[in-house]
Amino acid sequence: MSVIVIGAANMDIGAVSDHPLVVRDSNPGTVTVSLGGVGRNIAHNLCLLGVPTALITVLGDDSFAGEIRRNAAAIGLDLSHSATVSHGRTSSYVFVADCDGDMVQAVNDMVIYEAMTPAFLAQRLDFINRGDLVVVDANLPQASIEWLCEHCTVPIIADPVSTVKAVKLQNVLHRLYAIKPNRLEAELLSGVEIRTETDVVTAGDRLLQKGVNSVYLSLGDKGLYAVTKGECVRVVCPKVAAVNATGCGDAMVAALTASILRGGSLRDTARFAMAAGAFAATDSSTIHPHMSVENINILMKKEDI
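These notes cover the structure that comes with them. (Residues numbered from 1 in each chain as written. Predicted model: local features only at pLDDT ≥ 70, side-chain atom pairs only at ≥ 80, totals over all residues. Heavy atoms only, no water.)

On to the sheet that holds strand 1 (residues 3–6). Each strand in a sheet pairs with its neighbour through backbone hydrogen bonds, running either in the same direction (parallel) or in the opposite one (antiparallel). Taken in spatial order, the 8 strands make up an open sheet running 4-1-9-10-11-12-13-14, and their pairing is mixed. The open sheet has two edge strands with one neighbour each: strand 4 (53–56) and strand 14 (231–235). Where strand 9 (residues 133–137) and strand 10 (residues 156–159) come together, 4 bridges link them in parallel fashion. Within strand 10, the residue paired with Asp 137 across the bridge is Asp 159. Running at roughly 35 degrees to strand 13 (residues 224–228), helix 8 (residues 197–209) makes contact with strand 12 (214–218), strand 13 and strand 14 of the sheet. The strands touched by helix 10 (residues 266–280) are strand 12, strand 13 and strand 14; relative to strand 14, the strand with the most contacts, the crossing angle is about 25 degrees. (Pairing = 2+ DSSP bridges. Helix = DSSP H or I, 4+ residues; strand = E, 2+ residues; numbered from the N terminus. Contact = heavy atoms within 4.5 Å. Axes fitted to C-alpha atoms, helices over the stretch in contact; angles between N-to-C directions.)

Looking now at unusual backbone geometry. If a residue is not glycine, its phi is most likely negative; likewise, a peptide bond is most likely trans. We note that Arg 24 has phi near 60 degrees; this positive angle belongs to a residue other than glycine. By secondary structure assignment, the location of Arg 24 is in the loop between strand 2 (10–17) and strand 3 (29–36). Residues other than glycine seldom take positive phi values, yet Asp 304 does so here, at roughly 55 degrees. Positionally, Asp 304 belongs in the segment after helix 11 (293–303). Here Asp 304 falls in the exposed class, since its relative accessible area comes to 68%. (Buried < 20%, exposed > 50% of the residue type's maximum accessible area, 1.4 Å probe, protein only.)

Glancing now at the packing of aromatic side chains. Taken as a whole, this structure holds 1 aromatic pair when the rule is applied. Centre to centre, the rings of Tyr 93 and Phe 95 are 6.1 Å apart; their planes meet at 35 degrees, and the pair counts as tilted. Residue Phe 95 is classed as partly exposed on the basis of its relative accessible area of 24%. Above the plane of the ring of Phe 120 lies Arg 124, whose end atom (NZ or CZ) is 3.8 Å from the centre. (Phe/Tyr/Trp six-rings, centres within 6.5 Å; stacked < 30°, edge-to-face > 60°. Lys NZ or Arg CZ within 6 Å of the ring centre and 35° of its normal.)

Okay, the sheet that holds strand 8 (residues 103–109) next. A sheet is described by the order of its strands in space; here 4 strands give the open sequence 3-2-7-8, paired in mixed fashion. One side of each edge strand has no neighbouring strand; the edge strands of this open sheet are strand 3 and strand 8. Across this sheet, the average inter-strand angle for adjacent strands is 15 degrees, counted without regard to direction. In this structure, strand 2 lies alongside strand 7 (residues 92–97), joined through 6 bridges in parallel fashion. The residue bridging Gly 14 from the neighbouring strand is Phe 95, located in strand 7. Each of strand 2, strand 3 and strand 7 touches helix 2 (residues 63–75); the most contacted strand, strand 2, lies at about 110 degrees to it.

The next point concerns the pattern of salt bridges. Note on pairing: side chains with opposite charge can pair once their charged atoms come close. Taken as a whole and judged by the stated rule, the model has 8 salt bridges. Across the pair Arg 183 and Glu 187 runs a salt bridge whose closest N-O atoms are separated by 3.2 Å. Placement of both Arg 183 and Glu 187 in helix 7 (residues 183–190) is noted, with a separation of 4 residues, approximately one turn of the helix. Look at Glu 187 and you get buried, because its relative accessible area is 15%. (Salt bridge = Lys/Arg side-chain N within 4 Å of Asp/Glu carboxyl O.)

Take the pairing of strand 7 next. Of the strand pairs in this sheet, strand 7 and strand 8 are connected by 6 bridges, and their pairing is antiparallel. Within the sheet, the bridge partner assigned to Val 96 lies in strand 8 and is Gln 105. What sits between the antiparallel neighbours strand 7 and strand 8 is a turn of 5 residues, in which Gly 101 has the positive phi angle 95 degrees.

Here we take up helix 1 (residues 38–48). An α-helical segment advances 3.6 residues per turn. Residues three or four places apart therefore align on the same side. Most of helix 1 sits inside the fold, with 10 of its 11 residues counted as buried. Those residues of helix 1 that sit buried are Val 38, Gly 39, Arg 40, Asn 41, Ile 42, Ala 43, His 44, Asn 45, Leu 46 and Cys 47.

Where helix 9 (residues 248–261) meets helix 10, the axes come as close as 8 Å, and the angle between the chain directions of the two elements is 150 degrees. In terms of their interaxial angle, helix 9 and helix 10 are classed as roughly antiparallel. Pair helix 9 / helix 10 crosses with right-handed handedness. For the pair helix 9 and helix 10, contact is made by Cys 248, Ala 251, Met 252, Ala 255, Leu 256, Ser 259 and Ile 260 and by Asp 268, Thr 269, Phe 272, Ala 273, Met 274, Ala 276, Gly 277 and Ala 280, respectively. The class makeup of the residues in the contact of helix 9 with helix 10 is 11 nonpolar, 3 polar and 1 charged. (Parallel < 35°, antiparallel > 145°, perpendicular 65-115°, else oblique. Left-handed = near helix turned anticlockwise from the far one by under 90°. Nonpolar A, V, L, I, M, F, W, Y, C, P; charged D, E, K, R; others polar.)

The next thing to look at is helix 5 (residues 142–151). Listing the buried residues of helix 5 in full gives Ser 144, Ile 145, Trp 147, Leu 148 and Cys 149. On the buried face of helix 5, the contacting elements are strand 1, helix 3 (118–122), helix 4 (125–128), strand 9 and strand 10.

As structure tokens, this is what we get:
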């Protein structure tokens, strides 16, 4: 059983000032470079969860691409159906934060994903349809997402990525097997303002009415609400010593994908995804180096999820 992830692979560059930022000046601080991208992060977590995974993305003709390829080789992630864009720039995200950690400014260079056209996907369709599940993130062009949903014969799980990019999924909700929005993304896609628990249920039902088979609505530290036709489950967020929430959503998508792949019920899938997201938050890295089925199960048992 295998999963095909179609989406973004970035290099993230972050700079945090040691002291309050002085505008238009050079500020001493700490600069870090790390691998990122929603699709890549999901695929990385799937590899750590023991799922044979391929990532379809586009990379530039640069050193960043080399870093992504070396990491993929180290974790067993198949990039054989990804492409290099000649003279292209690998997607990158650069942010500057003040000494208190608050982001002051950021720039993202993601134009390379315009190369992931319907024709690009058509060349890989036979491979895509040989997978057991497909995960797509909304960094792809809207036309490409819509083409994929029309031609893919494999169940598709979607990550909306952000409210700006979630709109690309509006026309294909009826073709999705599962979706994992956060509260803001769920509001946009469902048209329901979420302020109460009743609103959460209404938003989930509205997404089902739009054709999604199952919804896993992330509510941050308030937990997770999952619903499919005739069944729903509410899972509380386990109490953990959280140090970084950056990779939680990607870990949750990977975990729910792994659970669905292995035949997990809605309840078991929601519990596994919630625990994976909480576990991811306990490490400063976007990808928890000790992410595993065993460690997720230990947390589930400890917190009685």
